[in-house]
Amino acid sequence: MSKKENILSSALELLTENGIHNTPMSEIARVAGTGMGTIYNYFPTKEILINEVYISIKAQEISIFTDFDKQQPIRTQFEMYFRSAISFFINNPMYFKFIEQLQASPVITDESRKFGRKSIAPVVELIQNGQKQRIIKDIPIDEILTFIAGAILSYLRWYFNQTETKDSSLKNQMNLLWDAIKE
């Protein structure tokens, strides 16, 4: 792992455990095993570091769509996306904690948010195609995305607070969400 990656990893861990305001750069440097000069060489401010962590997570989120088959029916594509998004965050719980904590934070810049939107470009295309085919409700895409993201967020919050989950829970949530957005 490079110094920069080590700093990003340490920052992710500390920011999710302690929060933004309770995580000084000096603690990130200590956990990363590097000096303050090195950390400021890569990240002149804590806000820049936080945005880099956000961007790195969003870049990895793109992997959700590597097997995305646009030839499949809209519902099948949607179900694949939903399962993949849930699995991504279940397999990366610190990413979920970080995104949950900072998604609405003013620390995340407009530029970082714009990059983050790239990670969901295939979902936007899926919704647009579904609307053209009159399969998905014809309401503004941002509203549908907000609804889907809220469902994913709620499910993950629930999931991480359970001692035992059933396979049917994810399927039930997916069906409820599909029923809400389908025409």
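Note that the structure is predicted; figures quoted are calculated from it, not measured. (Residues numbered from 1 in each chain as written. Predicted model: local features only at pLDDT ≥ 70, side-chain atom pairs only at ≥ 80, totals over all residues. Heavy atoms only, no water.)

## Examining the layout of surface pockets
Taken as a whole, the largest pocket encloses approximately 700 Å³ of empty space. Considering the residues around the largest pocket, the lining is formed by 27 residues, among which Lys58, Ile99, Gln103, Leu145 and Ala149 are closest to the centre. Only helix H4 (46–61), helix H5 (74–91), helix H6 (93–102), helix H7 (110–118) and helix H9 (141–160) provide two or more residues apiece to the lining of the largest pocket. Tallied by class, residues from the lining of the largest pocket come to 15 nonpolar, five polar and seven charged. In this structure, the second largest pocket spans a volume of roughly 150 Å³. Listing elements by their share of the lining of the second largest pocket, those giving two or more residues are helix H1 (3–18), H4 and H6. Taken together, the residues of the lining of the second largest pocket sort by class into seven nonpolar, three polar and one charged. (1 Å grid on protein atoms, 1.4 Å probe; cavity = no way out; pocket = protein on both sides within 12 Å on 5 of 7 lines; lining within 4 Å. Points joined across faces, edges and corners; volume = space filled by probe spheres on them. Helix = DSSP H or I, 4+ residues; strand = E, 2+ residues; numbered from the N terminus. Nonpolar A, V, L, I, M, F, W, Y, C, P; charged D, E, K, R; others polar.)

## Topic: the packing of aromatic side chains
According to the stated counting rule, one finds ten aromatic pairs in the structure shown. Arranged with centres 6.2 Å apart and planes meeting at 40°, the rings of tyrosine 42 and phenylalanine 43 form a pair that is tilted. Taking the relative accessible area as the measure of exposure, tyrosine 42 reaches 37% and is therefore partly exposed. A centroid spacing of 5.0 Å and a plane angle of 85° characterise the contact between phenylalanine 88 and phenylalanine 89, whose relative ring orientation is edge-to-face. Phenylalanine 88 sits in the buried class, given a relative accessible area of 9%. Using a relative accessible area of 8% as the deciding quantity, one classes phenylalanine 89 as buried. Put simply, the rings of Phe88, Phe89, Tyr95, Phe96, Tyr155, Trp158, Tyr159 and Phe160 pair up and form one aromatic cluster. (Phe/Tyr/Trp six-rings, centres within 6.5 Å; stacked < 30°, edge-to-face > 60°. Buried < 20%, exposed > 50% of the residue type's maximum accessible area, 1.4 Å probe, protein only.)

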